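Each chain, written out:
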Amino acid sequence: MGKIIFYEDKNFQGRSYECDTDCPDMNPHFSRCNSIRVDSGCWVLYERPNYSGYQYVLTRGEYPEYQRWMGYNDSIRSCRTFSYTSGGPYRMRIYERPDFQGQMMEFNEDCESVQDRFRNRDIYSCNVMDGYWTFYEHPSYRGRQYFLRPGEYRKFSDWGATCATTGSFRRITDF
């Protein structure tokens, strides 16, 4: 399905750990993570064990230091792989209130600035009808990331956020 290699030091140096499946607790394998090589697949990395904490969505490529995947520190403690098999169009509805209330807007393309398109930076709920998406804390795909798979998210905490502020979002298309 996928293959990812974690390295304790920058530039793919130091102790490494190769992974090809979901791993809820990476503590036994390495103490810190400063570089990553994604050989295949798409991955969601988490700052804490059991798929919690800050999220980072990585596709195939090399990340020689944690800032390259927008990491806030060198802590990666769990990971999941995913693939998109539907092949259908991407579709998502965002709402200005919890439980799919208030103003709604449907998207099938990336959005570099939620404020410009939605007239509001707060997304309180959303319905991902098709495709995988990443929400970003700031415009231009920067800041904390949140991975969304198809499903209903009645409140922002359902996708792991601590507040409703969303600056941008985009489709995950590199499978």
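Residues numbered from 1 in each chain as written. Predicted model: local features only at pLDDT ≥ 70, side-chain atom pairs only at ≥ 80, totals over all residues. Heavy atoms only, no water.

K.L.:
Lay out the packing of aromatic side chains in plain terms, naming residues and giving numbers.
P.N.:
Under the defined criterion, the tally for this structure stands at 18 aromatic pairs. Judged by centre distance (5.5 Å) and plane angle (80°), the rings of Y7 and F12 are edge-to-face. Sitting over the ring of Y51, R80 keeps its end group 3.7 Å from the ring centre. For the cation-ring pair, R170 lies above Y141, with the distance from its terminal atom to the ring centre recorded as 4.3 Å. (Phe/Tyr/Trp six-rings, centres within 6.5 Å; stacked < 30°, edge-to-face > 60°. Lys NZ or Arg CZ within 6 Å of the ring centre and 35° of its normal.)

K.L.:
Break down the environment of Y56 for me, with residues and values.
P.N.:
Take Y56: it is sitting in strand β5 (residues 52-58). A relative accessible area of 1% means that Y56 is categorised as buried. As for Y56 and R144, which are separated by 88 residues in sequence, their C-alpha atoms are 7.8 Å apart. At 3.3 Å, the side chain of Y56 and the backbone nitrogen of Y72 are in polar contact. (Helix = DSSP H or I, 4+ residues; strand = E, 2+ residues; numbered from the N terminus. Buried < 20%, exposed > 50% of the residue type's maximum accessible area, 1.4 Å probe, protein only. Polar contact = N/O pair within 3.5 Å; in protein donor to acceptor, adjacent residues only side chain to side chain.)

K.L.:
Just give me the short version of the sheet that holds strand β13 (residues 151-153), but keep the residues and values in it.
P.N.:
Sheets are built from strands paired through backbone hydrogen bonds, the pairs being either parallel or antiparallel. Spatial strand order, β9-β8-β10-β13: 4 strands in an open sheet with antiparallel pairing. Edge positions in the open sheet fall to β9 (101-107) and β13, since each of these has one partner strand only. On average, adjacent strands in this sheet sit at an angle of 15° to one another, irrespective of strand direction. Examined bridge by bridge, strand β10 (residues 125-130) and β13 share 3 bridges and lie antiparallel to one another. Bridging from a neighbouring strand, V128 pairs with G151 of β13. (Pairing = 2+ DSSP bridges. Axes fitted to C-alpha atoms, helices over the stretch in contact; angles between N-to-C directions.)

K.L.:
Tell me about the pairing of strand β4 (residues 42-48), and name the residues and values.
P.N.:
The buried fraction of β4 is high, at 6 of 7 residues. Where β4 meets strand β7 (residues 78-82), 5 bridges bridge the pair, whose relative direction is antiparallel. Bridging from a neighbouring strand, V44 pairs with R80 of β7. One ladder, built from 5 bridges, connects β4 with β5; its direction is antiparallel. In the sheet register, W43 faces β5, and the bridge partner there is L58. The hairpin turn running from β4 into β5, its antiparallel successor, is 3 residues long, and N50 in that turn takes a positive phi close to 60°.

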